[in-house]
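Secondary and tertiary structure notes
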Amino acid sequence: MSPHPASSFGSTPPVAPNLSHQPSSLALPHRAGLGLKPEHFLHIHAHQPDLGFFEVHAENYLVAGGPLHHHLTRIREHYPLSLHGVGLSIGGEDPLDTDHLEAVARLVERYQPAVFSEHLAWSSHGGVFFNDLLPLPYNLPTLQRVCDHIHQVQTRLGRTLLLENPSTYVAFASSTWSEGDFLREVVQRTGCGLLLDVNNVYVSSTNHGLDPLRSLCELPCHATGEIHLAGFAEDVDGAGDRLLIDAHGAPVAEAVWALYEAALAITGPKPTLIERDNDVPAFEVLLGEARTAEQRLLATTHAASKHAKPCPRTKTRYAPAQEATAVSAAPGRSQASSHRSAQHGG
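Summarised in this report is the structure supplied together with it. Within any chain, residue numbers begin from 1 and follow the written order of that chain's sequence. Confidence filtering applies because this is a predicted model: local features only for residues at pLDDT of at least 70, side-chain atom pairs given and counted only at 80 or more, and all residues used for totals across whole chains, interfaces and linings. To get the side-chain values, all heavy atoms of the structure are used, and hydrogens and water are removed first.

1. Focus: the side chain of D246
What counts, and what does not: Only DSSP runs of H or I with at least four residues qualify as helices, and only runs of E with at least two residues qualify as strands; both kinds are numbered from the N terminus onward. For the exposure calls, accessible area comes from a 1.4 Å probe over protein chains only, and a residue counts as buried if that area is under 20% of its type's maximum, exposed if over 50%, partly exposed in between. A residue counts as positive if it is Lys or Arg and as negative if it is Asp or Glu; His and the chain ends are not included. Salt bridges are defined as contacts in which a side-chain nitrogen from Lys or Arg sits within 4 Å of a carboxyl oxygen from Asp or Glu. Here a polar contact is recorded for every N or O atom pair within 3.5 Å, except that within protein the pair must consist of a potential hydrogen donor and a potential acceptor, and residues adjacent in sequence are included only if both atoms are side-chain atoms. Whether two residues are in contact is decided by their heavy atoms, any of which lying within 4.5 Å being enough.
Assignment of secondary structure puts D246 in the loop between β11 (242–245) and α8 (254–267). Despite its burial, D246 pairs with no opposite charge, the nearest such side chain being R276 at 11 Å. Of note is the side chain of D246, whose polar atom sits 3.4 Å from the side chain of S167. Of the polar contacts made by the side chain of D246, one reaches the side chain of N199; its length is 2.9 Å. Not counting chain neighbours up to four residues away, the residues in contact with D246 comprise S167, Y169, N199, N200, V203 and G231.

So, in structure tokens, the structure goes:
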């Protein structure tokens, strides 16, 4: 992998140009949307519900034809569309799978979605593919790799992508950046936007004993292009502490709704998706959650949120001296590989 052109410590690389050329008529409205599920196709065709947009996982549509494309084509005629990738493995050590990227590019060209998004995570290594979106150490080698991969994706797609903040359950000893600082640096170096997953902020903060509002304020919220809301599952870890799991199988929790209002006070109104991938209820149940999101969107638009004020600029917590020591101590690949083994086993 060639080094990032702005890899020297303390440098501030120029922001990448905005590559998004899609017509404004295709933009996501500042309304609520839903993840599109096959069990709801017929209901949507019959009733054409009043909804802001639909979102689909790109990897479910990487074939040339079939019933999924038949239904999506019909629905796309009436609603804006967001494509959410789950398989590019932007944080992976391996080069991007160019065949996979080409398939995603063809899908983007076919449907011209208002938004394409992916995750700050990895899901493949050495030809092995996982069903999980796995977390990363936040350090300089990871930053260079993630930025290189984002540049490659944005160049091929001809548009900016939105990068989603992850839900995490472990932290790396080798991290020299906070998650918020890391994402702000990625946004600055690549010009990508943020897909702000409020549920992930709450889940990760709770799991790591952090204040969710502080974690939210450290993210590059100014770059938010879309917001995700979802429900979590609750368990306890080996030490008996509270453990939240980003399961997408329950209604949005009240604590997440409150954090959403705080987020809107920072970002202003943004397109907001209700995610539900497990134990999917009837369409009208999800539509009710979308209505709740729109009510809070309107309330935030017309009045200041009671839960938070816009966050001040935060001082970076990047530790270049610690970074330099870590880089000189061992090659990046062996460090990352050992961390991955520990994560997958734990």
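Structure's up, so let's keep going.
2. A word on helix α2 (residues 67–76)
Formally: By construction, the arc corresponds to the directions joining the helix axis to the C-beta atoms.
Within α2, the full set of buried residues consists of H69, H71, L72, I75 and R76. Looking straight down α2, one finds its buried side chains confined to an arc of 165 degrees; they lie on one side.

3. Some points on the sheet that holds strand β4 (residues 115–119)
Note the threshold: Strands pair, by our definition, only if DSSP identifies at least two bridges between them. Each axis is a line fitted through C-alpha atoms, taken for helices only over the stretch in contact, and angles between the N-to-C directions span 0 to 180 degrees.
Read around the closed barrel, eight strands run β1-β2-β3-β4-β7-β8-β9-β12, paired in parallel fashion. Each strand of the sheet is rotated relative to its neighbour by a mean of 30 degrees, with strand direction disregarded. The pairing of strand β1 (residues 32–35) with strand β12 (residues 272–274) spans three bridges and is parallel. When the sheet's bridge partners are listed, L34 is paired in β12 with I274. Strands in contact with helix α6 (residues 198–207) are β7 (162–164), β8 (193–197) and β9 (224–229); relative to β8, the strand with the most contacts, it is inclined by about 65 degrees.

4. Brief notes about the environment of L163
Assignment of secondary structure puts L163 in strand β7. Owing to a relative accessible area of 0%, L163 belongs among the buried residues under this scheme. Note: C-alpha distance between L163 and V186 (23 residues apart in sequence) is 9.2 Å. For L163, the contacting residues outside a window of four places in its chain are I90, E118, H119, L120, I150, L183, V186, C192, G193, L194 and L195.

5. What about the nonpolar core?
Filter applied, for reference: Nonpolar core, defined: a set of buried Ala, Val, Leu, Ile, Met, Phe, Trp, Tyr and Cys residues in which side-chain atoms within 4.5 Å join the residues together.
If you look at the biggest cluster of nonpolar residues, it comprises 72 residues, and the most contacted ones within it are F116, L196 and L229. The contacts of L229, once residues within four sequence positions are left out, are V198, V252, V256, W257, Y260, T272, L273, I274, E275 and A293.

6. So, the packing of helix α3 (residues 98–111) against helix α4 (residues 140–157)
Just so we agree on the cut-off: Oblique is the label for any angle not covered by the other classes, which are roughly parallel (under 35 degrees), roughly antiparallel (over 145) and roughly perpendicular (65 to 115). Handedness of a crossing is defined here by the sense of rotation of the near helix relative to the far one, left-handed for an anticlockwise turn of less than a right angle and right-handed for a clockwise turn.
Axis separation between α3 and α4 bottoms out at 10 Å; the angle between their running directions is 40 degrees. On the basis of the axis angle, α3 is oblique to α4. Like other packed secondary-structure pairs, α3 and α4 cross with a definite hand, here right-handed. Each of T98, L101, E102, V104, A105, V108 and E109 in α3 lies in contact with α4, whose residues at this interface are Q152, V153, R156 and L157.

7. Topic: α8
In plain terms, the rule: Here the expected span of a helix is defined as 1.5 Å times the quantity of residues minus one.
The end-to-end C-alpha distance of α8, which contains 14 residues, comes to 20 Å, matching closely the 20 Å that a straight helix rising 1.5 Å per residue would cover. Restricting attention to buried positions, one finds in α8 the residues V256, W257, L259, Y260, E261, A262, A263, L264, A265 and T267.

8. Here's the deal with the pattern of salt bridges
A full pass over the atoms with the stated rule returns 11 salt bridges. Residues D277 and K37 are paired through a salt bridge, measuring 2.6 Å at the closest nitrogen-oxygen approach. Of this pair, D277 sits in the loop between β12 and α9 (283–302) while K37 sits in the loop between β1 and α1 (41–47), and the two are 240 residues apart along the sequence. The salt bridge involving R296 is made with E254; its shortest N-O contact spans 3.7 Å. Remark: E254 occurs in helix α8 and R296 occurs in helix α9; sequence separation between them is 42 residues. With relative accessibility at 53%, the residue E254 sits in the exposed group. Sharing partners across several salt bridges, the network here consists of R31, D50 and E294.

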